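Below, each chain spelled out in residue letters.
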Amino acid sequence: MIEGVRFREGAGRLCLDYLRTLRCGTVEELLDATAVAAWAEQFGPFDAVAVPRGEGRTEEAWRLRESIRSLIDSARQVTPCPAPARRTVNAAAAVPPPVPALDADARLRWRADDPVLATLSLVARDALDLISSPLLARVRQCAGTGCGALFIDSSRPGVRRWCSMNTCGNRAKKESIKARQAR
Ligand SMILES: [Zn+2]
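Just so you know, the residues in each chain are numbered from 1, in the order the chain's sequence is written. Only residues with pLDDT of at least 70 are given local features in this predicted model, and only at 80 or more are side-chain atom pairs given and counted; all residues enter the totals for whole chains, interfaces and linings. Each side-chain value is worked out from all heavy atoms of the structure, with water and hydrogens disregarded.

Asker: So what exactly am I meant to see when it comes to the overall build of the protein here?
Answerer: Helix and strand definitions follow DSSP, with helices as H or I runs of at least four residues and strands as E runs of at least two, each counted in order from the N terminus. Helix and strand counts for the protein come out as 6 helices and 6 strands. The C-alpha extent of the protein, read off along each of the three principal axes, is 65 × 40 × 35 Å. Residues classed as buried in the protein amount to 40% of the 183 residues present. Summing over all exposed atoms, the protein offers an accessible surface of approximately 10,600 Å²; the carbon and sulfur share of this is 54%. Accessibility here uses a 1.4 Å probe with only protein chains present; expressed as a share of the type maximum, an area under 20% marks a residue as buried, one over 50% as exposed, and anything in between as partly exposed. Working definition of accessibility: Shrake-Rupley area with a 1.4 Å probe, residue cover restricted to the visible protein chains.

Pasting the structure below:
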């Protein structure tokens, strides 16, 4: 495991967890190729992901993220999907995903020529699936101050307001108690 790096989970879909690597829409968590590999290691099926060599991997990861966000935003607003974003996500999804193979001990091992790109392919495929599915209507934007993370509202009434009760929901609760006390 790539030491000491842990990304947030729990948005309800792989592609939405991926979007959260741009925390609050401004704080970059995928700072370099090491961070991109660490994300792939945490969210992909591989035991370990080597940091890819070569330039451009980080920019590629950012472009995919920006494109997924733009496709989800336009689909939620029922406006046409921007062509450049569509091309970027379609191309990422066209990369072969991780391939399973059973080893001699009956354990499943996942393989890919490029584990980072294969994991990003899973992210892109997940985004395409979400955008074209009825579940899109369950995508919400967190009401937490400065958060804005997208998540799937799987609550039965469909009125969930925060990405997580542990962070944004708790903060909002504390803020409203404080406001009440100040009155
Ligand atoms: Zn939030």
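Asker: Teacher, can you tell me more about the packing of aromatic side chains here?
Answerer: Each aromatic ring pair is characterised by the separation of its centres together with the angle its planes make. Two rings from Phe, Tyr or Trp (for Trp, the six-membered ring) form a pair when their centres are within 6.5 Å of each other. A pair whose planes differ by under 30 degrees is stacked, one over 60 is edge-to-face, and the rest are tilted. Under the criterion given, the structure shown has 2 aromatic pairs. Look at Y18 and W39: their rings are 4.9 Å apart centre to centre, the planes differ by 70 degrees, and that puts the pair in the edge-to-face class. On the criterion of sequence distance, the pair formed by Y18 in helix α1 (residues 14–19) and W39 in helix α2 (residues 33–43) is long-range, its members being 21 residues apart. The same class applies to Y18 as to W39, namely buried.

Asker: Which parts of the structure should I look at to understand the coordination of the zinc ion?
Answerer: Geometry reference: four tetrahedral donors at a metal, ideal angle 109.5 degrees. Six octahedral donors, ideal angles 90 or 180 degrees. As a rule, N, O and S atoms within 2.8 Å of a metal are its donors, except that Na, K and Ca use 3.2 Å; water is not among the atoms, so sites may look incomplete. Bound to the zinc ion are the protein donor atoms C142 (SG), C147 (SG), C163 (SG) and C168 (SG), situated 2.3 to 2.4 Å from the metal. For a four-donor site, all angles between 85 and 135 degrees give tetrahedral; for four or six donors, opposite pairs above 155 degrees with the remaining angles between 65 and 115 give square planar or octahedral; all remaining cases count as irregular. Classification of the site at the zinc ion rests on its 4 donor atoms, whose angles at the metal span 105 to 113 degrees, yielding the label tetrahedral. For the zinc ion, the donor residues sit on a single chain with the sequence spacing C-x4-C-x15-C-x4-C. Taken together, the residues C147 in the loop between β5 (139–141) and β6 (150–152) and C168 in helix α6 (residues 165–182) connect sequence positions 21 residues apart. Each member of the pair, C147 as well as C168, carries the same accessibility label: buried.

Asker: Can you help me understand the pairing of strand β4 (residues 108–111) in this one?
Answerer: In this structure, strand β3 (residues 99–102) lies alongside β4, joined through 4 bridges in antiparallel fashion. Residue L102 lies in a different strand from β4, and its bridge partner there is L108. Note: two strands are recorded as paired if DSSP finds a minimum of 2 bridges between them. Between the end of β3 and the start of β4, which pair antiparallel, lie 5 residues, with A106 showing a positive phi angle near 60 degrees.

Asker: Honestly, the packing of helix α3 (residues 57–76) against helix α5 (residues 115–131) in this entry has me stumped. Any pointers?
Answerer: The axes of two packed helices give the description: the angle between them and the distance between them. Lines fitted to C-alpha atoms define the axes here, with helix axes fitted over just the stretch in contact, and angles between the N-to-C directions of these axes take values from 0 to 180 degrees. Contact geometry of α3 with α5 gives a least axis separation of 10 Å together with a crossing angle of 5 degrees. Viewed along their axes, α3 and α5 adopt a mutual orientation that is roughly parallel. For the pair formed by α3 and α5, the contact residues are R57, E60, A61, L64, I68, L71, I72 and A75 on the first element and V116, L117, L120, V123, A124, A127, L130 and I131 on the second. Here the word oblique covers every angle except those under 35 degrees (roughly parallel), over 145 (roughly antiparallel) and from 65 to 115 (roughly perpendicular). The contact criterion used is simple: two residues touch if any of their non-hydrogen atoms lie within 4.5 Å.

Asker: Looking at this structure, I do not really get the side chain of R13. What am I missing?
Answerer: Of note, R13 is situated in the segment before α1. N or O atoms within 3.5 Å of each other form a polar contact, as long as, within protein, one can give a hydrogen and the other can take it, and as long as residues adjacent in sequence are counted only when both atoms are side-chain atoms. At 2.9 Å, the side chain of R13 and the side chain of D129 are in polar contact. The residues touching R13, leaving out its near neighbours within four places in the chain, are D126, D129, L130, L135 and I152.

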